Amino acid sequence: MKGLEAHIVVKVGEFHLDVDLNVPVGKTVALLGPNGAGKSTIVGALAGLVPLYHGSIELNGETLDLPRGDVFVPPQRRKIGVVFQDYLLFDHMSVMDNIVFGLTSRKMSKARARRRAQALARSMGLADLLDRLPAQLSGGQAQRVALARAMAFNPSMLLLDEPLAALDIATRNRTRRLLAESLKGFHGPRLLITHDPVDAFILADRVHILENGRIVQTGTPDELRRYPATPFVAALAGTNLYTGDAKDGRVVLDDWDHQIQIADTALNGPVLVTIHPSAVALHRDKPVGSARNLWSGTVESIESLGDTVRLTLSEPLPVVVDVTPRAVTALGLEQGSPVWASVKATEIVANPACS
Amino acid sequence: MNVGAGDSASTSPSSPRTRTHRMGRGRRSVPSGTPPVVAVLAIVALVFLAVPFVGLGARAPWGQLPQLVRSPQVVGALRLSLVTSLLAATISTILGVPLAWVLSRTVFPGKSLVRAAATLPMVLPPVVGGAALLFALGRRGLIGSQIHDRTGFALPFSMWGVVIAGSFVALPFVVITVEGALSSVDTRYEQAASTLGAGPMQVFRRIVVPSIAPSLRAGIILAWARALGEYGATVTFAGNIEGRTQTLPLAVSVALEQDRDAAMAMSVILVAISFTVLVVMRRHWWPAR
């Protein structure tokens, strides 16, 4: 069996983690969850830093941890490239020495390791940084060096622990795009650990939601948005995310035959557009007003979230909308109802982004 | 005595490894009045520390110094002192670093007892240490008798006796400084190295040692200085045999009763060596402010 197949059971004091993970070759799976959900424990278990209590970890058919069978492969023999939270670059070594670390520690000759590191650094745009010390790198550069270090020794799998969490918003969008490219070029299974739905939904093919040591829901970003299984998923997945091209305050969406008006007219090129579900207003009849985004759609689903009701609209633009129960009654909305939706351009957040 | 814990110049700003000195710098910028009593006592302390050296400097036979220093007794004692103290520092490092590692990284019953035992020579009167060494490693000692019966070799009253006595008193300095540094090191870097394929020995050599290097250096130099100045344990365990076990401090004490000028010349040498150590290590003990 190719890829990662793991049943991770770890007990840390009172905390009990029990997670089934399956990451096929060439796919990125994201584990999305809040702090304390058990994300770092999963990183530790897969990397071999925390032994399993029960279950098994198998990578490309090789058993890495099987308490029942008394199998435990130590971290240095697992061939899993890990990008750690805070990167953990070795401060006393140059960028070059950081990147070759995974090669020379496996007894590759220094000269060969350096040649390979140089080629990798060139392809990742790091060639000019090789002589620097980690303290002399910007956050985005450090992130890419950490990725290069984790990929240099040709690992069978990539494990990314909050790879973008340490970056500010602007750097984050740029670095996310570079990360997406690098991930595409890596042919093994890729596991992304994050607390940020944007990272998960943009970078991953499948998203697992981790809460209290359990996977509470799994799906594509779209499935999670439409059918959130827990209030946490609803809050997490509630944000409407679109990618597109911006020009003169207008965004042509990549995936939908629709244009979105944004307030920022200076923004050009690929953007990531987010619309908060409560920013969308619904109308029975075509309204007259100042909202620059106005379109008609059909109510696809209605679900009560307690204080609010979550509706999803279908074509031309799938969008999740949170309204009050009274609004649903007042507008007489039900599944299949035609409806007008409006959003003010100033309510829409657009950032330069990938694709 | 916590030399260097948390002093590593090579950490990123986000790393929790850098702390102490930055705080110290911040505190300095807030001026606070010095009470007159404190100022007076501080001056008294300074004078108290300086007076002996002034006395030595005033009475030292500077004119005859080059000639005194070249006398066979002084040259022999100096050479023996340097050789044995360097050997003692080496032994202390080779044994002290692993002991520090075990004390800092492993959990076992009776650990605090082991730590106390490891630092005992620091507080023990050196003469008692020397006596204990004699009872254990002397020709009729617990272990020494076995060695002597089998090989005919006896540690006491030999150069190796001097080395053993020096190592005994110097070892705790390496253990304490290195253990402090190891406890403040962020072990996640070691985990990162292991995921990159480095085995325990490689992690130790390429990650741990560089990150504790300033403290390790301080520990080694402290140990060496301690072994160089050692008197009580040496004279008890190794004796005071000119040309064999008479190190510089022992020679000074002998010379004080026979040839005061020679005693002062040797004292000047020891002060010069100690002072050089302080100058070399000043960046470590008093980071740039």
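Overview of the structure.

1. Some remarks on the overall build of chain B
- Helix and strand counts for chain B come out as 13 helices and 0 strands.
- For chain B, the N- to C-terminal ordering of α and β elements is α-α-α-α-α-α-α-α-α-α-α-α-α.
- Counting all 289 residues of chain B, 37% fall into the buried class.
- Considering only residue pairs separated by 6 or more positions, chain B has 75% of its internal contacts joining residues 24 or more positions apart.

2. Quick word on the overall build of chain A
- Secondary structure summary: chain A contains 9 helices and 21 strands in total.
- Rg of the C-alpha trace for chain A: 23 Å, near the compact-globule value of 20 Å for 355 residues, within the 12% margin.
- With 355 residues in all, chain A has 42% of them scored as buried.
- A sequence separation of at least 24 residues applies to 66% of the contacts in chain A between residues at least 6 apart.

3. Some details on the nonpolar core
- Grouped together as the largest cluster of nonpolar side chains are 118 residues, with contacts concentrated most on A:Ile8, A:Val145, A:Leu159 and B:Ala223.
- Sorting elements by how many residues they give to this core places helix 8 (residues 159-184) of chain B first, with 15 residues.
- Judged by nonpolar contacts, the second largest core, of 22 residues, contains A:Ile260, A:Val280, A:Leu311 and A:Leu313.

4. Topic: the sheet that holds strand 16 (residues 281-283) of chain A
Residue and element names in this part refer to chain A.
- If you walk across this open sheet you meet the 5 strands as 16-20-17-18-19, and the pairing is antiparallel. Of all strands in the sheet, those bounded by a partner on one side alone are strand 16 and strand 19 (319-323). Along the sheet, successive strands turn relative to each other by an average axial angle of 45 degrees, direction set aside.
- Where strand 17 (residues 293-304) lies against strand 18 (residues 309-313), 5 bridges are found, and the strand directions are antiparallel. Bridge pairing in strand 18 places glutamate 303 opposite arginine 310.

5. Side note on the interface of chain B and chain A
- If you look at the interface, chain B gives 19 residues, while chain A gives 20 residues.
- Counting only elements with at least two residues in the side of chain B that touches chain A, the list comes to helix 9 (188-195) and helix 10 (200-229) of chain B.
- The element contributing the most residues to the side of chain B that touches chain A is helix 9 of chain B, with 7 residues.
- Tallied by class, the residues present in the side of chain B that touches chain A amount to 7 nonpolar, 11 polar and 1 charged.

6. Quick word on helix 2 (residues 36-59) of chain B
All names here are of chain B.
- Along its 24 residues, helix 2 runs 34 Å from first to last C-alpha, staying within 8% of the 34 Å computed at 1.5 Å per residue.
- Of all bends in helix 2, the biggest is about 30 degrees, found at alanine 50, and the proline proline 52 comes one to four residues later.
- Counting buried residues along helix 2, only 0 of its 24 residues qualify, which leaves the element largely exposed.

7. With respect to helix 10 of chain B
- With 30 residues, helix 10 of chain B ought to run about 44 Å at 1.5 Å a step, yet its terminal C-alpha atoms sit only 37 Å apart, falling short of that.
- Taking the largest bend as the criterion, helix 10 of chain B deviates by roughly 70 degrees, centred on B:Ala213, and proline B:Pro214 comes between one and four positions later.

8. Comments concerning the packing of helix 4 (residues 72-105) of chain B against helix 10 of chain B
All names here are of chain B.
- One can describe the packing of helix 4 onto helix 10 by two numbers: an axis separation of 8 Å at closest approach and a directional angle of 140 degrees. It follows from the interaxial angle that helix 4 and helix 10 lie oblique. In this structure, helix 4 meets helix 10 at a crossing whose hand is right-handed. Of the residues in helix 10, those in contact with Ser81, Ser85, Leu86, Ala88, Ala89, Ser92 and Thr93 of helix 4 are Ile220, Ala223, Trp224, Ala227 and Leu228.
- Of the residues contributing to the contact of helix 4 with helix 10, the split by class is 8 nonpolar, 4 polar and no charged.

9. Notes on the sheet that holds strand 10 (residues 206-211) of chain A
Residues and elements named next belong to chain A.
- One open sheet accounts for 6 strands, arranged 7-8-9-3-10-11; its pairing is mixed. Two strands lie at the open edges of the sheet, namely strand 7 (80-83) and strand 11 (214-219), each paired on one side alone. Between one strand axis and the next, the sheet turns by 20 degrees as a mean value, whatever way the strands run.
- As paired elements, strand 10 and strand 11 share 5 bridges and run antiparallel to each other. Residue histidine 208 lies in a different strand from strand 11, and its bridge partner there is threonine 218.
- The strands touched by helix 1 (residues 39-47) are strand 3 (28-32), strand 7, strand 8 (157-161), strand 9 (190-194) and strand 10; relative to strand 8, the strand with the most contacts, the crossing angle is about 155 degrees.

Analysis parameters
Each chain carries its own residue numbering, running from 1 in the direction its sequence is written. Each chain is given a letter, starting from A, and each ligand a number, starting from 1, according to the order in which they appear as written. Note on the predicted model: pLDDT of at least 70 is required for a residue's local features to be given, and 80 or more for side-chain atom pairs to be given and counted; whole-chain, interface and lining totals, by contrast, use all residues. Runs of E in the DSSP output that reach at least two residues are strands. Runs of H or I that reach at least four are helices, and both are numbered from the N terminus. Between the buried cut of 20 or more and the exposed cut of 12 or fewer other C-beta atoms within 10 Å of a residue's own C-beta lies the partly exposed class, and all C-beta atoms are placed from the backbone. Any two residues are considered in contact once their C-beta atoms, placed from the backbone, lie within 7 Å. Atoms considered for the radius of gyration are the C-alpha atoms alone. The globule rule reads 2.2 Å times the number of residues to the power 0.38. To form a nonpolar core, buried Ala, Val, Leu, Ile, Met, Phe, Trp, Tyr and Cys residues must be joined through C-beta atoms within 7 Å. In this scheme, strands are said to pair when DSSP sees at least two bridges between them. To obtain each axis, a line is fitted to C-alpha atoms, and for helices this fit is confined to the stretch in contact; angles are then taken between N-to-C directions over 0 to 180 degrees. Each residue gets one label: Ala, Val, Leu, Ile, Met, Phe, Trp, Tyr, Cys and Pro are nonpolar, Asp, Glu, Lys and Arg are charged, and the others, such as Gly, are polar. The span expected for a helix works out to 1.5 Å for each residue beyond the first. Fitting one axis to the seven residues ending at a residue and another to the seven starting there, the bend at that residue is the angle between the two axes. Angles are sorted into four bins: roughly parallel if under 35 degrees, roughly antiparallel if over 145, roughly perpendicular if 65 to 115, and oblique for all others. A crossing counts as left-handed when the near helix is turned anticlockwise from the far one by less than a right angle, and as right-handed when that turn is clockwise.

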